[in-house]
Amino acid sequence: MKKRNLNLTTILMVAICIAIMSNSNAQKKFFLSYDTSVTTSHKITINGTEIPYDAIVGTLPVYVEHKGDIPGNPTKPRAYVQYTYYKRSDIKDMSNRPLMISFNGGPGTGSLWMHIGYTGPKRLKVSPEGWPVQPYGVVDNRYSILDVTDLLFVNPVNTGYSRIINDGAKEDFFGVQADINYLADWIALFISRYERWTSPKFLIGESYGTTRVAGLAGVLQSKQNIFLNGVVLQGNCGIGLNPSFSSAASSVFKLPSYTSAAWYHKKLPADLQSQDLNDIFPQAVDFTINEYLPAVTRAGSLSAAQKDAIAQKVSRFSGMPKQYILDHNLVVSSSGFWKELLRSEGKTIGRLDTRYVGIDKENAGERSDYNAEILAWEHAFTPAINKYFREDLGFKTDSRYYVFGPVQPWQQASPAQGGGGFGQPAFNVGDQLRNAMAENPALHLLNQQGYYDGACDVLGAMMSLWNLDPRGAFKDRIQFKAFKSGHMLYIRDEDNKEGNNDLRQFIKSSIPKENQPIQY
């Protein structure tokens, strides 16, 4: 009897141990180590040349100081950042091999968009114009810039597989300056870990990522002594140099983007519709700045005839009915335009890409029920990125890949600056970028923008560059180009090829000749 009890006890203890080990293994799959990596080797043909490369998917810790830490000596990791690093494996001397560090936006979205949409060695399977197709997945990206630069795709905290750990707090990461500060520290750690200190370095940011990289250019230089060769703004959202999103002036400056959308959907008068978008866009800009804005500034002092004349011209350049414009005191919000343009057809148009259309529950109203373009992109990108990490790159975890992660509330600026949550005024990373360019004669800037981007529009991006360089002192170091696409210009095959070629040339032209003095 005693022997039987002993056996039962032993069996019970073994069962408990197995359960504990199983739970531990499950947690290991879910909670990634803050310092780990998986390496796989691949080949791709770009412009007729076979390029061998290693893909390194991993995590590195984020050290943020807390109260009680010795200044400059945080006691523990308080988050980890997950990254994907592509490195040509046939190049041994990295001193002249560029490194491009890529960020997407949100804030709160992962790096998947440009990773498998634009510059990486694999590209999302979509239609030539960028609509989802099945089966989902990726194919070789024959336009990738991996031939001329190594690539690092970064998921900020609570995006992708990156997470807060230990006693890390939201305030350490979720805000304009906090985000820039910890990512600058992390980039310095990455550069040391992978021995890239002497490599020419570039940042590329999309959407809110343009805010991120503009600030990083300044902080990397001032706090980490990391001097960049180039910054790329892809889908520039104003970098803090334009009117507030909620101001009347902001809606006025959107008119050229309305023109682009109306041209695409064939809603302009015949004489404008017959012209190329590249020809009518400057006309819309000229009217906006020289006639429309002054008229709106005068507001109620305008006579009825003057209001009618302006409304008629706004209608001409936007495809909206004149009476609709008059009913809105000459200024129609972006959300109102996206709802109104195709209302007669019972459809809405997208926000970040006005080529996409949706159908609302009610045709009435001033705001769409959903963003048609975002859902189309999630439709295609989400299954593809998950499959790619797990099956192609061998990075398996039970953690969820946050396409859009929980990062709110987002501190837009310090309380002393009057800042609050996202969308509020008082952030200005443009000054940080301007200072970096002034202090570093080797720093170049490229802005790529989509005509059909209704949120981060072309005129807004142009204005931010005008304000970035009010003296015109950096003209020879700033390039701007617009494409007949939306926010993610690369979603169209034609623009993906052209955009990558422009990046390739930008990288090459932004690296000084060997031993050339960097000076004014």
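The paragraphs below set out a description of the structure included in this document. (Residues numbered from 1 in each chain as written. Predicted model: local features only at pLDDT ≥ 70, side-chain atom pairs only at ≥ 80, totals over all residues. Heavy atoms only, no water.)

### Re the overall build of the chain
Within the chain, the regular secondary structure consists of 15 helices and 14 strands. Dimensions of the chain, computed from C-alpha atoms along their principal axes, come out at roughly 105 × 70 × 55 Å. Residues classed as buried in the chain amount to 53% of the 520 residues present. Of all intrachain contacts in the chain linking residues separated by at least 6 positions in sequence, the fraction that spans at least 24 positions is 70%. Surface accessibility of the chain: about 22,700 Å² in total, with carbon and sulfur atoms responsible for 53%. A distance of 6 Å separates the average location of the 54 positive side-chain charges in the chain from that of its 49 negative side-chain charges. (Helix = DSSP H or I, 4+ residues; strand = E, 2+ residues; numbered from the N terminus. Buried < 20%, exposed > 50% of the residue type's maximum accessible area, 1.4 Å probe, protein only. Contact = heavy atoms within 4.5 Å. Areas by Shrake-Rupley, 256 points an atom, 1.4 Å probe, with all protein chains shown as cover. Lys, Arg positive; Asp, Glu negative; His and termini not counted. Charge placed at Lys NZ, Arg CZ, Asp CG, Glu CD.)

### Concerning the pattern of salt bridges
Considering all chains together, one arrives at 29 salt bridges under this definition. Among the ionic pairs, Lys43 bridges to Glu50, the shortest N-O distance being 3.9 Å. Across the pair Asp360 and Lys339 runs a salt bridge whose closest N-O atoms are separated by 2.6 Å. Of this pair, Asp360 sits in the loop between strand E12 (357–358) and helix H12 (372–392) while Lys339 sits in helix H11 (residues 334–340), and the two are 21 residues apart along the sequence. This pair shows no difference in class: Asp360 is buried, exactly as Lys339 is. Sharing partners across several salt bridges, the network here consists of Glu129, Asp353, Arg355, Arg492, Glu494 and Asp495. (Salt bridge = Lys/Arg side-chain N within 4 Å of Asp/Glu carboxyl O.)

### Some thoughts on the nonpolar core
Core analysis: the biggest nonpolar cluster contains 53 residues, and Tyr86, Met100, Trp113, Leu124, Trp377, Phe381 and Phe389 have the highest contact counts within it. Broken down by secondary-structure element, the contributors of at least two residues to this core are strand E1 (36–46), strand E2 (49–62), strand E3 (79–88), helix H2 (112–119), strand E7 (150–155), strand E9 (201–206), H12 and helix H15 (493–509). In terms of residue count, H12 provides more of this core than any other element does, 10 residues in total. If sequence neighbours within four positions are ignored, Met100 has contacts with Ile145, Thr149, Asp150, Leu151, Leu152, Phe202, Ile204, Val232 and Ile507. Counting 52 residues, the second-largest nonpolar core is a separate cluster that includes Ile180, Tyr182, Leu203 and Leu445. (Core = buried A, V, L, I, M, F, W, Y, C linked by side-chain atoms within 4.5 Å.)

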